[in-house]
Amino acid sequence: MALFDNDFLTRLEYLSIVSRKVFRGQLMAQRRTKQLGGGIEFADHRQYTPGDDFRYLDWNLYARHDELLLKRFQEEEDLHVYLLLDCSRSMSTGEPPKFDLARQVTAALAYIALADLDRISVYAFANGVLNHFPLTRGKARILSLMQFLESLDADGGATDMAQFAEEFVIRAPRRGLALVLSDLYDPAGYRVGLDVLRHHKYEPHIVQFHHSAEANPKMLGDVELQDVENGDFRKLTVTESHLRSYRDVFQAFLTSVTEYCSAYGIGCTITDTNVTFDQLVLGMMRAAGTK
Amino acid sequence: MSFSNPAAFLWALLAVPVVIFYILKIRMRRIPVSTVMFWEQVYDEKQPRSVWQKLRHVASLLLQLLFLGLLVAAVADPFFDSDVREQRRVVVVLDTSASMQARSEDGNTCLAAAKTQIRRMVRALKPQDEMALIVAGGRPQVVCGLTGHQRTLHVHLDEAASTDGPTRVVEAVELGRRLLTDARNEQIVVISDGRFAGAAELAAEDQVVWSQVGASAANVGITRFQVRRSLLDPITYQILIEVGNFSDESVECSLDLRLGGKLLDVMPLKLGAGEIRADVLEETSVGGGVISAQIQREDELAADNSARAILPQRLKIPVTLVTAGNWFLQRVLEANDVVELTLVDEVPQNLPPGGILVLDQVLPEQIPQGNVFVVQPMAATDLWDVDGALAQPLVDKQDRSSDLMRHIRLDNILMPEARKLTPKVDFTALAESISGDPLYLQIPRTSGDVLVLSVNLDQGDLPLRTAFPIMLTNALSWFAEGKGELIPAVACGDSTDRRLSAGLQQAAAEHNNQLVLTAPDQSQRNIQVLDGHCTIGPLQQTGIWKLTADAGDDHIPNEELSAASAPALRIACNVADPQESDLRMPETIKARQKLLSAGFGGRPIWFYLVIAAFLLTMIEWLLFQRRWVS
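Residues numbered from 1 in each chain as written. Chains lettered and ligands numbered in written order. Predicted model: local features only at pLDDT ≥ 70, side-chain atom pairs only at ≥ 80, totals over all residues.

Caption draft 1: Structural view of the overall build of chain A. Within chain A one finds nine helices and 11 strands. Each of the 291 residues in chain A was classed as buried or not, and the buried ones make up 38%. (Helix = DSSP H or I, 4+ residues; strand = E, 2+ residues; numbered from the N terminus. Buried ≥ 20, exposed ≤ 12 C-beta atoms within 10 Å, placed from the backbone.)

Caption draft 2: Just the sheet that holds strand β11 (residues 251-259) of chain B, in detail. Residue and element names in this part refer to chain B. An order of β12-β11-β14-β15 is seen for the four strands of this open sheet, with the pairing classed as antiparallel. Of all the strands in the sheet, just β12 (262-271) and β15 (306-311) have a single pairing partner and so form its edges. Between one strand axis and the next, the sheet turns by 15° as a mean value, whatever way the strands run. The pairing of β11 with strand β14 (residues 289-295) spans five bridges and is classified as antiparallel. (Pairing = 2+ DSSP bridges. Axes fitted to C-alpha atoms, helices over the stretch in contact; angles between N-to-C directions.)

Caption draft 3: Structural detail: the environment of Ala165(A). Residue and element names in this part refer to chain A. Position of Ala165 relative to the elements: it lies in helix α5 (residues 161-171). Its 27 C-beta neighbours within 10 Å are what place Ala165 among the buried residues. The spacing of Ala165 and Val129 is 36 residues in sequence and 8.6 Å in space, taken between C-alpha atoms. With sequence-adjacent residues up to four places away left out, Ala165 is seen in contact with Gly193, Val196 and Leu197. (Contact = placed C-beta atoms within 7 Å.)

Caption draft 4: The nonpolar core, seen in detail. Formed by 91 residues in total, the largest nonpolar core has its most connected members in Val92(B), Val93(B), Leu94(B) and Val190(B). Residue contributions to this core peak at seven residues, all from helix α5 (residues 110-123) of chain B. Grouped together as the second largest cluster of nonpolar side chains are 64 residues, Met91(A), Phe148(A), Met161(A) and Ala172(A) included. (Core = buried A, V, L, I, M, F, W, Y, C linked by C-beta atoms within 7 Å.)

Caption draft 5: Geometry of the interface of chain B and chain A. Of the residues lining the interface, 21 residues belong to chain B; the matching set on chain A comes to 30 residues. Put simply, the parts of the chain that give the side of chain B that touches chain A at least two residues each are β2 (29-33), α2 (37-45) and α13 (605-629) of chain B. The biggest single contributor to the side of chain B that touches chain A is α2(B), with seven residues. Residues that form the side of chain B that touches chain A fall into these classes: 12 nonpolar, four polar and five charged. Inspection of the sheet shows strand β9 (residues 221-227) of chain A paired to β2(B) by five bridges, in the parallel sense. Bridge pairing links Gln226(A) to Pro32(B) in β2(B). (Nonpolar A, V, L, I, M, F, W, Y, C, P; charged D, E, K, R; others polar.)

Caption draft 6: Inspection of the confidence of the model for chain B at higher detail. All names here are of chain B. Mean pLDDT over chain B: 83, with 90% of residues reaching 70 or higher. The low-confidence segment residues 558-564 (pLDDT under 50) makes 15 contacts with residues lying over four places distant or belonging to another chain. Confidence metrics for the complex model read pTM 0.49 and ipTM 0.81. (pLDDT = per-residue confidence, 0-100.)

Caption draft 7: Molecular detail of the sheet that holds strand β13 (residues 276-284) of chain B. Residues and elements named next belong to chain B. Strand order in this open sheet of three strands is β9-β10-β13, and the pairing throughout is antiparallel. In this open sheet, the two edge strands, each paired with only one partner strand, are β9 (219-229) and β13. Pairs of neighbouring strands in the sheet enclose a mean axial angle of 15°, with direction left out of account. Looking at chain direction, strand β10 (residues 236-246) and β13 are connected through nine bridges and run antiparallel.

As structure tokens, then:
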């Protein structure tokens, strides 16, 4: 079955309508950015400096306090949405593969953003930027985006989020919402890469994918585990005790992701591959609406 | 060390697939995973011991090969060469007498306890050992000859059943000795309750290993039970019953007597400790049947609580008396309850079936066919001549072996004017005068026997003596083929020789001189008939045994002896042995000796090899499998 068939498009349109009626402006589209400028909603005052536009002086304050202060307004502008799709080999595992769900979610979020007149761009990454779909605007571009997504493969090597983040901030200087769709299985740690995004004023939102065999493996006895990202082998004798420890370690990893995001006000969605993309996107919108 | 089954080492080839599977096993399953970083965290926390990690697979292979080696060695059945040099031959004598049916405190019979011991000994046989099994109940019998095949021994042991017969352990041991002639390292193991004469002496013998089973128990049993017809009164019969109390306390109970199932009498019994009491009861009945006695008391041995005997039936004998008038003779015959007397003046042309013709002085020239009793023959006939009279004959010889002369003494009786007879045919003199003239003779004929009494009843004092009615009663019984006097009950374990009735002889002749003997448990076997006699036994079960012409005739009820259309012979069999009834344990038996054992710990080597293999599987599980499932 094709990744983006007619049924997918139908459900995509449904998601777009639902997002506009119910969650309007709460996830991506029409949301206020942190850019200050020529908007209509008051944000702050600052000292007048020569050359400033007199139209924004606060004359009332000047009359009362004899002080020239300039009114600042929150600038309303179309949002830049960056969809950062993990194409490392670890995303190819699972049944169905995590990569398929990640691409569907990427397409869904992009469609919603395009429908709300936002600008989107897609970056495929692993240990760096592998490919990217340039900034674009308008629903008509969704088909091109889908073709781009279908052309991607999860064979990009090992995950190195720090390396990718360094490249990304150079390639995309315009700040915006950065949706990271990944399993975050970075041996060096996912935090470094996310920290780079944060420090460069991007607004990260994490969607972590995993499948049930990763969360709850069943193998017992003598096995040889092969890391699909770097090809390393590890010979193990797996016992029930080891399985229990593994489940604890994996759960601790997911908890650490949640705690990290919570600590820095980053949106976070953790999901396994047993859900459909529309269920996942609706869940994300509901979660954003309750904040 | 040698092996009984060296071909079993071919099973060692199983090591090849074991190694192949081992090689396949150590090629681990390769499982691709998204990342091993979580597994590394797990194993960093639980670092396995590196040396064990390296050796564990090799250790697993070695354990499996060792396990296989132990099993193969066990199947090969190893034994020490010393076992061959010390080959044992054992004869086990199993007491299956009636007393072995006694139950011990645990509810099992002595026989069951004995069998358990023997099974243990059979399992302890070494490969070269041989064992034979002799049962000693009633008649010693080798039920299994010397063999080392344990299954055969078990089968024959299971088939060994208890009997109601006496103990024949001494004879069985003697039989065992004959089996072990020229054998070295031989043993005779006796397993018995020790309730027989000579047990202590037997147990003290060096060659005998004594093992005693059972425990002392109180018992009341019938030790004798016989029934016979009265000698004087044809319808009276006497019951001899002897009951013993084989305990150390007095006992009160009752004993029921039944004839053909109908209650005759209930005897209250009060027996002191160790008392044996005998009683003779008199009852009257023309009919016969099975008389049974039953002690109304439950004890450890049921077989001796009941006894049976056959009471012969008194059949009415049609007697035709041809006489001109003989008051004594007529009265004696009339007084006999089994006689159906007809008085006539002339010799009748025909006699009723089974009838007896009594000729008193009236004689035809030719003696008629059938059974004829002639008194005072005054004239010659076709069977004898008369040469006058004997003036004062005295009885010089009388045939005491003949049933006709039973309980009769004629030597002091006056017999004047007795006829002097000269028989023309073969005869048997039952009583002779000093001159050798027959006074009372028996002439056998194919058409019917003839008895001749030459005594003049009017002149002598014979009619006044008790011998006269007894003589007539004997004659009537003899003509009736001896029916009705005594059919003795047989003690269990004994054999009996019986003369068959004419009907049974004829039936045997029609069946190739064979009759069918049906035991109380309805099992049947053929009995050979020789010259009208057959030897039956030894009888090993109490109850009524039946001898019939056909196997299907055993359905005739015991109580319907007279109604039986087919000829049959019934024999009552009782325990009738005070030694078997006495369940008190003798104290003179020496302590139990050590029974058979095989190898160290009493087990063969293969047993320990299997145990070792089992322990190896446990070790393998603890080292390898447990770690997966714990």
